[in-house]
Amino acid sequence: AWNAHEEKFFQKLMENTNYAISHLTMRASYSLTADRGPTWISNALPMYYSINVWRPQGDQRETALYLDNIGNSDLTYEKKHEFNLGIDAGFLNNRLNFNFDIYWRNNYDLIGYIETQGADGFINKMGNVATMKSNGVEATISSTNIQTKDWRWTTDFTFSYADNEITELESRSNVISLVSGSSSTHFRVGYPRDALFSIPFVGLNDEGIPQIINEKGEITTTDINFQEYENLDFLKYEGPTEPTITGGLNNLLTWKNWRLNLFLTYSFGNKIRLDPVFSAAYSDMSAMPKEFKNRWVQPGDENITSVPAIASVRQYQNDTNLRYAYNAYNYSSERVADGGFIRLKNVSLSYDLPKSLITKIGLTTASLKLDATNL
């Protein structure tokens, strides 16, 4: 780091400008760091557990060991090289402060599933299977807007942007692992680590059954292979499941013993898979969201709604693969939402009791506070 404000020429500049520029620091760093990866992964060695073996007589007991997960002695930490440039600056006698960082990362040894020959009894195991490049920026602006004897108003604004892309991959993923959007161990080259894909939805047929495009490029209701590994280009890329833009805005206003704090957060750039609530058959234990009010009911409704019908008993019995249609709809492009939001995260109002009052009862500080979260 170079603290420019400690140089003699800069100190003269600050004095001549009446501290219009209060301080200036420029930073650069390069690092190699490691992370253990997902916390639930710990199979560098085989994982054995004990069980009670089933016996027809209840008074018989026998304890056994079973192999829960095969070991991978080559499993190691996820690693990254990072190059970072930053600047810190203060203006107007530090009433306005600015921090900015930009970084580039090369991640390697990322942990994911890799297919084996199954000789150990398991087809998949965890391994270091991917490399990734990423970059981003982070910025903070802090200001003191009002500063008097009784009044003080400060504002803090934060912003960050992050982007990543898988560049090399030694494993493969199938359709269901890519469209579910819930796993951090299934990747695809050329896309973010947390990419979400969807099965293309093309509407309902005249019976209210969802129609999708399958791996063959055909429009179908039930002919889709969720275990397809080779042909994945038919899937629609929706975006990352983690936000690319995040930040917040905090305002603190004080007047004498009163403090009012308002904190907003924002997040953009990610997609969310909606709950897979649709099925070919339901029971009395099924809880249905309000979307079912707009479902297909009679021929012609396919022109005005994209919510599938509740299949009749006859439809369910005539088509043994009907469940594929509804499952494909759950993971289709129709069941994706924008994850962006601006949220009033916290509002609080507090009052510090006067010292002349609290010292009489043996207290040094005391305050009253009203707080509200996620309004």
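Bear in mind that the values here come from a model prediction, so they are computed numbers and not experimental data.

(A) Inspection of the overall build of the protein at higher detail. Looking only at helices and strands, the protein has five helices and 19 strands in total. Principal-axis analysis of the C-alpha atoms gives the protein an extent of 85 × 60 × 55 Å. Burial statistics for the protein: of 375 residues in total, 33% are counted as buried. Sequence-distant contacts in the protein: of pairs separated by 6 or more residues, those separated by 24 or more amount to 64%. When the accessible surface of the protein is split by element, carbon and sulfur atoms take 53% of a total near 22600 Å². Looking at the protein, you have 34 positive and 43 negative side-chain charges, and the mean spots of the two groups are 11 Å apart.

(B) Looking closely at the sheet that holds strand β10 (residues 201–204). As summarised here, the arrangement of the three strands in space is β10-β11-β12, forming an open sheet in which the pairing is antiparallel. The sheet is open, and its two edges are formed by β10 and β12 (219–220), each paired on a single side. Across three bridges, the pairing between β10 and strand β11 (residues 210–213) is antiparallel. Of the residues in β11, the one forming a bridge with Gly203 is Gln211.

(C) Fine view of the packing of aromatic side chains. Evaluation of the coordinates by the stated rule reveals 16 aromatic pairs. In textbook terms, an aromatic cluster arises when at least three aromatic residues are bridged by ring pairs, as seen for Phe201, Phe278, Tyr282, Phe292 and Tyr329. The ring of Tyr103 has Arg105 sitting right over it, with the charged end atom 4.1 Å from the ring centre. The ring of Phe341 has Arg343 sitting right over it, with the charged end atom 4.0 Å from the ring centre.

(D) Broad picture of the sheet that holds strand β14 (residues 245–255). Strand order in this open sheet of 10 strands is β1-β2-β5-β6-β7-β8-β14-β15-β18-β19, and the pairing throughout is antiparallel. Pairing within the sheet leaves two strands with one partner each, and these edge strands are β1 (2–3) and β19 (367–373). Note that strand β18 (residues 341–352) and β19 share seven bridges and pair antiparallel. Its bridge partner lying in β19, Tyr351 is registered against Leu368. Packed onto the sheet, helix α1 (residues 8–16) meets β1 and β2 (21–35) and runs at close to 130° relative to β2.

(E) Highlighting the pattern of salt bridges. Summed over the entire model, instances satisfying the criterion amount to 13 salt bridges. With a shortest N-O distance of 2.8 Å, Arg27 and Asp101 are connected by a salt bridge. Taken together, the residues Arg27 in strand β2 and Asp101 in strand β6 (residues 96–115) connect sequence positions 74 residues apart. Given a relative accessible area of 15%, Asp101 falls into the buried group. The partner of Glu82 in a salt bridge is Arg105, and the shortest N-O contact between them spans 2.9 Å. Taken together, the positions of Glu82 in strand β5 (residues 78–91) and Arg105 in strand β6 put the pair 23 residues apart, joining distant regions of the chain. According to the relative accessible area criterion, Glu82 is buried, its value standing at 13%. Residue Arg105 is classed as partly exposed on the basis of its relative accessible area of 22%. The network of salt bridges with shared partners includes Arg27, Asp88 and Asp101.

(F) Focus on helix α4 (residues 322–330). Taken together, the buried positions of α4 are Leu322, Ala325, Tyr326, Ala328, Tyr329 and Asn330. Against β10, β11, β16 (271–273) and α3 (313–318) lie the buried residues of α4.

(G) Here's a closer look at the pairing of β18. Pairing of strand β15 (residues 258–268) with β18 involves 10 bridges; the strand directions are antiparallel. Bridge assignment links Leu262 to a residue of β18, and that residue is Val347.

(H) Looking closely at the nonpolar core. In terms of nonpolar packing, the biggest core is built from 28 residues, with Val175, Ile199, Leu235 and Tyr326 touching the most fellow members. Of all elements in the fold, only α2 (175–180), β9 (195–198), β10 and α4 reach the threshold of two or more residues within this core. Tallying contributions element by element places α4 first for this core, with five residues. Those residues in contact with Val175 that lie beyond four places of it in its chain are Ile199, Asn225, Phe226, Glu228, Leu232, Phe234 and Leu235.

The rules we used
Every residue gets a number counted from 1 within its own chain, in the order that chain's sequence is written. With pLDDT at 70 or above as the cut-off, local features in this predicted model cover only qualifying residues; side-chain atom pairs require 80 or more to be listed or tallied, and sums for whole chains, interfaces and linings still use all residues. Remark: hydrogens and water are excluded; side-chain values derive from all non-hydrogen atoms of the structure. Helical segments are the DSSP runs of H or I of at least four residues, strand segments are the runs of E of at least two, and each set is numbered from the N terminus. Residue exposure (1.4 Å probe, protein chains only): buried if accessible area is under 20% of the type maximum, exposed if over 50%, otherwise partly exposed. For this analysis, residues touch if any pair of their heavy atoms sits within 4.5 Å. Computed with a 1.4 Å probe, the accessible areas rest on the Shrake-Rupley method; for each residue, only the protein chains presented here act as cover. Only four residue types enter the tally: Lys and Arg on the positive side, Asp and Glu on the negative side, with His and both chain ends excluded. Note on charges: their place is set at NZ of Lys, CZ of Arg, CG of Asp or CD of Glu. At least two bridges found by DSSP between two strands is the condition for calling them paired. Only rings of Phe, Tyr and Trp enter the pairing, Trp through its six-membered ring, and a pair is recorded when the two centres are within 6.5 Å. The plane angle decides the type: under 30 degrees is stacked, over 60 is edge-to-face, the rest tilted. The rule is short: NZ of Lys or CZ of Arg within 6 Å of the ring centre and within 35 degrees of the ring normal puts a charge over the ring. Note on geometry: axes are lines fitted to C-alpha atoms, helical ones only across the stretch in contact, with angles between N-to-C directions running from 0 to 180 degrees. Just to be clear on terms, a salt bridge is a Lys or Arg side-chain nitrogen sitting within 4 Å of an Asp or Glu carboxyl oxygen. Put simply, buried Ala, Val, Leu, Ile, Met, Phe, Trp, Tyr and Cys residues joined by side-chain atoms within 4.5 Å make one nonpolar core.

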